[in-house]
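As a plain string of letters, each chain reads:
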Amino acid sequence: MTENPDRAVRTMAMIGVRPGMSFEEFDHYWREVHAQYVADIPEITRYTQRHIVPGDEPDNPFGIDGFVILEYENLEAKQAAWASDLGKAALADADKFRALSARVHFEDHVILDRNSR
């Protein structure tokens, strides 16, 4: 697949709680502290955190405690975001609360959207 550098880009990361940290500490730190590091990066156009609801899935063997979805205007903006001082600070801060992190670049193929008007 050939990348179009002018096309909007989305990435998703699956993250897990750092050993020795409670889920509540992780949840609070990610939402209240780390979020501001990412929100300050001007190249990011949309930032969504998806937090796992504790106890809702009693057999979560994957160690995934949340998902983050980041959107950028294009590939160049994504690269600039993480090469910047703000991006580097956000990456360094992430190690304070997460252990697992797997990132993927993705493209949506909407099959059904009943909310669209």
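Scroll up to find the structure.
As the structure is a prediction and not an experimental result, all values here were calculated from the model.

A closer look at the environment of Val 38
Within the element layout of this structure, Val 38 appears in helix H1 (residues 23-39). Overall, Val 38 belongs to the buried group, its relative accessible area being 4%. Between the C-alpha atom of Val 38 and that of Ala 89, which follows or precedes it by 51 residues, the distance is 8.9 Å. For Val 38, the residues in contact, after removing those within four places along its chain, are Ile 44, Tyr 47, Leu 70 and Ala 90.

Looking at the side chain of Asn 74
Tracing the backbone through its elements, the reader meets Asn 74 in the loop between strand S3 (66-72) and helix H2 (75-83). Here the side chain of Asn 74 touches Ala 77 through a polar contact of 2.8 Å, landing on its backbone nitrogen.

Some points on the environment of Asn 74
Residue classification places Asn 74 among the buried residues on the basis of a relative accessible area of 17%. Spatially, the C-alpha atoms of Asn 74 and Arg 10 are 8.8 Å apart, while their sequence positions differ by 64 residues.

Thoughts on the packing of H1 against helix H3 (residues 85-94)
Two elements in contact, H1 and H3, have axes whose closest approach is 8 Å; the angle formed by their N-to-C orientations is 160°. As judged from the angle between their axes, H1 and H3 are roughly antiparallel. On the side of H1, the interface is formed by Tyr 29, His 34, Tyr 37 and Val 38, while H3 contributes Ala 89, Ala 90, Asp 93 and Ala 94. Looking at the contact of H1 with H3 residue by residue, the class counts come to six nonpolar, one polar and one charged.

Quick word on H3
Within the span of H3, buried status applies to Gly 87, Ala 90, Asp 93 and Ala 94. For H3, the arc enclosing every buried residue in end-on projection is 125°, short of the 170-degree limit, so these residues lie on one face.

Calculation criteria
Residue positions within a chain follow its written sequence, with the count starting from 1. Local features in a predicted model are, by the rule used here, given only for residues with pLDDT of at least 70; side-chain atom pairs are given and counted only at 80 or more, and totals for whole chains, interfaces and linings are based on all residues. Side-chain metrics rest on all non-hydrogen atoms present in the structure, leaving aside hydrogens and water. Every helix listed is a DSSP run of H or I at least four residues long, and every strand listed is a run of E at least two residues long, numbered separately from the N terminus. Three exposure classes are used, based on accessible area relative to the maximum for each residue type with a 1.4 Å probe and protein chains only: buried under 20%, partly exposed in between, and exposed over 50%. Residue contacts are defined here by distance: any two heavy atoms, one from each residue, within 4.5 Å place the two residues in contact. Polar contact is defined as a pair of N or O atoms within 3.5 Å, subject to the rule that within protein one atom must be able to donate a hydrogen and the other to accept it, and that residues adjacent in sequence are counted only when both atoms are side-chain atoms. To obtain each axis, a line is fitted to C-alpha atoms, and for helices this fit is confined to the stretch in contact; angles are then taken between N-to-C directions over 0 to 180 degrees. Each angle is binned into one of four classes, with values under 35 degrees roughly parallel, values over 145 roughly antiparallel, values of 65 to 115 roughly perpendicular, and all other values oblique. In this classification, Asp, Glu, Lys and Arg are treated as charged, Ala, Val, Leu, Ile, Met, Phe, Trp, Tyr, Cys and Pro as nonpolar, and every other residue, Gly included, as polar. Taking the helix axis as origin, the arc is that swept by the directions to the C-beta atoms.

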